[in-house]
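Here is what each chain is made of, one letter per residue.
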Amino acid sequence: MNCPICSNKLKETGKINPIFNKPLFFCDTCVSWHIIENVDVSTYYKEEYHKNYQYKINFLRKLNLTGNRAIANYAYFNKNFKISIGEEFIEIGGGTGDKFIIFNKKKKPKQYVIIEPDVRFNINKPNVAYMNNLFNEVNSENLNPNSIVIMFHVLEHVFDLNSFFEKLKSIKPKCFYFEVPNCNNQKVREDSFINHPHFHHFTKKSVSVLLEKNGLKKLSLDEIEPISYHPYIKPNKIMKYVHRIFAKHEEIKENGIYLRGIYKFSD
Ligand SMILES: [Zn+2]
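None of these values were measured; they are calculated from a predicted model.

What about the overall build of the protein?
Right, so step 1: Scanning the protein from N- to C-terminus turns up eight helices and twelve strands.
Right, so step 2: When its C-alpha atoms are laid out on the principal axes, the protein stretches across 50 × 45 × 35 Å.
Right, so step 3: Scored against the burial criterion, the 267 residues of the protein give a buried share of 36%.

A look at the pairing of strand β2 (residues 22-27)
Each regular strand displays side chains that alternate between the two surfaces of the sheet.
Right, so step 1: Looking at chain direction, strand β1 (residues 11-17) and β2 are connected through four bridges and run antiparallel. Bridge pairing in β2 links Ile 16 to Pro 23.
Right, so step 2: Here β1 folds back onto β2 in antiparallel fashion, the turn holding four residues, of which Asn 21 has a positive phi close to 55°.
Right, so step 3: In the sheet, β2 pairs with strand β3 (residues 32-34) via three bridges, with the strands oriented antiparallel. Bridging from a neighbouring strand, Phe 25 pairs with His 34 of β3.

A look at the nonpolar core
Right, so step 1: Counting residues in each nonpolar core, the largest one holds 59 residues, and the members touching the most others are Val 149, Met 151, Phe 176 and Tyr 177.
Right, so step 2: Once you skip the residues sitting within four places of it in the chain, Val 149 turns out to touch Ile 90, Ile 92, Leu 168, Pro 173, Phe 176 and Tyr 177.

Examining the environment of Ile 16
Right, so step 1: Tracing the sequence through the fold places Ile 16 in strand β1.
Right, so step 2: Assessed through the 14 C-beta atoms surrounding it within 10 Å, Ile 16 is described here as partly exposed.
Right, so step 3: Separated by 19 residues in sequence, Ile 16 and Ile 35 place their C-alpha atoms 8.9 Å apart.
Right, so step 4: Every residue in contact with Ile 16, bar those within four places of it in the chain, is listed here: Asn 21, Lys 22, Pro 23 and Leu 24.

Some thoughts on the packing of helix α3 (residues 68-80) against helix α4 (residues 98-107)
Relative placement of two packed helices is described by the angle separating their axes and the distance separating the axes.
Right, so step 1: Following both chains from N to C, one finds α3 and α4 inclined at 55°, their axes separated by 9 Å at the closest point. As far as their axial angle goes, α4 and α3 are oblique. α3 and α4 meet at a crossing whose hand is right-handed. From α3, Ala 70, Ile 71, Asn 73 and Tyr 74 reach across to α4, where they touch Asp 98, Lys 99, Ile 101, Ile 102, Phe 103 and Lys 106.

Overview of α3
Right, so step 1: When the terminal C-alpha atoms of α3 are compared, their 18 Å separation across 13 residues agrees well with the 18 Å that a helix rising 1.5 Å per residue should span.
Right, so step 2: Looking only at α3, the buried set comprises Asn 68, Ala 70, Ile 71, Ala 72, Asn 73, Tyr 74, Tyr 76 and Phe 77.

What to know about the pairing of strand β5 (residues 111-115)
Right, so step 1: For β5, a buried count of four out of five residues is recorded, marking the element as mostly surrounded by other parts of the structure.
Right, so step 2: Bridge count between strand β4 (residues 88-92) and β5: five bridges; the pairing is parallel. In the strand pairing of β5, Ile 92 is matched with Ile 115.
Right, so step 3: Looking at chain direction, β5 and strand β6 (residues 128-131) are connected through four bridges and run parallel. Its bridge partner being in β6, Tyr 112 is matched across the sheet by Val 128.

Remarks on unusual backbone geometry
Right, so step 1: Although it is not a glycine, His 153 sits at a positive phi angle of roughly 55°.
Right, so step 2: Tracing the backbone through its elements, the reader meets His 153 in the loop between β7 (148-152) and α5 (161-170).
Right, so step 3: Of note, Lys 172 is a non-glycine position whose phi angle comes to about 45°, a positive value.
Right, so step 4: Among the structural elements, Lys 172 can be located in the loop between α5 and β8 (175-181).
Right, so step 5: C-beta crowding within 10 Å serves as the criterion here: with 14 such atoms nearby, Lys 172 is assigned to the partly exposed category.

Conventions we followed
- Residues numbered from 1 in each chain as written.
- Predicted model: local features only at pLDDT ≥ 70, side-chain atom pairs only at ≥ 80, totals over all residues.
- Helix = DSSP H or I, 4+ residues; strand = E, 2+ residues; numbered from the N terminus.
- Buried ≥ 20, exposed ≤ 12 C-beta atoms within 10 Å, placed from the backbone.
- Pairing = 2+ DSSP bridges.
- Core = buried A, V, L, I, M, F, W, Y, C linked by C-beta atoms within 7 Å.
- Contact = placed C-beta atoms within 7 Å.
- Axes fitted to C-alpha atoms, helices over the stretch in contact; angles between N-to-C directions.
- Parallel < 35°, antiparallel > 145°, perpendicular 65-115°, else oblique.
- Left-handed = near helix turned anticlockwise from the far one by under 90°.
- Expected span 1.5 Å × (residues − 1).

Following this line, the structure appears as structure tokens:
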């Protein structure tokens, strides 16, 4: 069995992902971990995946509030890429729409297409269009070329990485802005192995190899450690507010819990 990223021989880890009930393999060449048997997840993402988050989302969305995490996601992109007013966006796995809310406040997108299988998240705004499907089931002819493609915490859920990047390339994005868990971080790696339906577990090295192999060119790639928000260490309410005032949302740090990058297809 070979690594889906670098094609070198995989090693057994002896670990099993309990959601898929499938064994995990390790590639020590590009430093990544994989489940190598496919599992049909289409119904899972439509019905199961987000079911526990519903109440909180509706509350925040009614108030049009943006959390520190969404602000940080916007700030990183705005710092590393020139975003104009009135661009077109495509967000794959848009979830709650938190990134739409901040990009809409800051850059007034002409159109923001959200590809999200769970219909309960749909936002009714004039410049938002929904495709309630998985990306691999969407007809790419319906997507506008030269859009900014955003995809946070989705790539690790995609079984067939090669078809994914072929499809991404076919929609001719202006750039690809993404984030995945950084599995170079031990806590993240253990969490990713056990608690999530992840087929792949990436590190900076494996993500670089994967994207470059698929014809993408790096504009930025960083290991990020959150400060004003954190899934493992909850900052207290006052500090959360203080960090927000000083816009100290996160830092670039070796082994930070997220791996975030901006890439574009080379011409
Ligand atoms: Zn590999």
